[in-house]
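Understanding the architecture of this molecule
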Amino acid sequence: MRLLIDVGNTSLKAVLWHNEQAQPADINDLPWLQITEVIYACVGRSDLLNDVLAQAASNNIICFEAKVTRTLGDLVCAYDHVANLGIDRWLALIAGFTLYPNTACIVVDAGTATTIDVLSSEGVHLGGWILPGLDLMTSSLTQNTQRVFDDGKTPFTNELGKDTPNGLKNGALVATIGAIDQAKLHLTDKKTEQKVQMIFAGGYGLLLQQQFEGSIFDSLLVMKGLNYWYELTETV
Ligand SMILES: Nc1ncnc2c1ncn2[C@@H]1O[C@H](COP(=O)(O)OP(=O)(O)OP(=O)(O)O)[C@@H](O)[C@H]1O
Ligand SMILES: CC(C)(CO)[C@@H](O)C(=O)NCCC(=O)O
Ligand SMILES: [K+]
């Protein structure tokens, strides 16, 4: 089985990939004898990987770090400086392109940050946006104002706010929804009426997915992208 690790800015996530399925992995108690390779991606603190990479080395297990490249198969990165694109964004795009071939996609990963990436049906990454995640949007306001407060129990909804916590929470949600709607404008081709698949991932992915009809949520999107990255990279 394969050990897949995604280091974000809030947390490190690990899964064991076996028979085309992911099972949760306890990073402090890994079945090293059954692990054949380690594939990892990191946009957060790389020192969080020190322990596990040292254990892999002492078990003679090969490790691969996923990196952004200008192209991967037919997928083309929008950035001129490809190394600047977050690897989690690239992996989510790889997964979208692989799971929905020949389909234009909007890929949203909503964690510490919310990223929105636009992918043409031919696999050309047209670019994207980085927004503060929902929690960062609200905390930046509560921390930098005297009177804007959260009560820790008000949910994010798309209603108009009628008190401070729901003005704050709902403002963050609709700002994010509005940005995702803007992404559609970069794909709409009136002549062909192409289908656009919206794909959501990350801690707030399910909440956002529920705002868009026909969209999907895939909590394993980045992990699937890691797996595809390895398979596509190895076979080249
Ligand atoms: N059910 C949930 N499970 C986990 N996180 C959630 C959930 N609901 C909301 N969140 C929020 O999602 C964020 C974590 O998302 P995620 O796990 O995608 O982040 P991350 O990978 O560490 O971040 P990033 O990749 O952006 O650095 C936190 O802000 C957390 O409060
Ligand atoms: C935006 C985040 C923090 C989302 O996890 C990550 O993808 C990242 O650090 N990106 C680097 C900047 C960029 O993608 O242009
Ligand atoms: K993430």
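Our subject is the structure that appears above.
Given the structure is predicted, the values throughout are model-derived calculations rather than measurements. (Residues numbered from 1 in each chain as written. Chains lettered and ligands numbered in written order. Predicted model: local features only at pLDDT ≥ 70, side-chain atom pairs only at ≥ 80, totals over all residues. Heavy atoms only, no water.)

Regarding the site of ligand 2
In the neighbourhood of ligand 2, the contacting residues comprise Asn9, Val43, Tyr79, Asn84, Leu85, Gly86, Asp88, Arg89, Thr115 and Ile130. One nitrogen or oxygen atom from the main chain of Gly86 is found 2.9 Å from an oxygen atom belonging to ligand 2. Between ligand 2 and the protein, one listed contact pairs an oxygen atom with a side-chain N or O atom of Asp88 at 2.5 Å. Compared with its free state, where it exposes 390 Å², ligand 2 has 74% of that area covered by protein. (Near = heavy atom within 4 Å. Polar contact = N/O pair within 3.5 Å; in protein donor to acceptor, adjacent residues only side chain to side chain. Areas by Shrake-Rupley, 256 points an atom, 1.4 Å probe, with all protein chains shown as cover.)

Things to note about the sheet that holds strand β5 (residues 62-65)
Spatially, β3-β2-β1-β4-β5 is the arrangement adopted by the five strands of the open sheet, whose pairing is mixed. The open sheet has two edge strands with one neighbour each: β3 (21-24) and β5. The average undirected angle you get between the axes of adjacent strands in this sheet is 25°. Sheet analysis places strand β1 (residues 2-7) next to strand β2 (residues 12-18), joined by six bridges and oriented antiparallel. Within β2, the residue paired with Leu4 across the bridge is Val15. (Pairing = 2+ DSSP bridges. Helix = DSSP H or I, 4+ residues; strand = E, 2+ residues; numbered from the N terminus. Axes fitted to C-alpha atoms, helices over the stretch in contact; angles between N-to-C directions.)

Examining the pairing of strand β4 (residues 37-42)
Here β4 lies mainly inside the structure; six of its six residues are buried. Burial along β4 is two-sided: Glu37, Ile39 and Ala41 facing one way and Val38, Tyr40 and Cys42 facing the other are all buried. Here four bridges tie β4 to β5, and the two strands are oriented parallel to one another. Looking at β5, one finds that Tyr40 is bridged to Glu65. Each parallel crossover has a hand, and for β4 linked through helix α1 (residues 50-58) to β5 it is right-handed. (Buried < 20%, exposed > 50% of the residue type's maximum accessible area, 1.4 Å probe, protein only. Right-handed = clockwise from strand over helix to strand, strands pointing away.)

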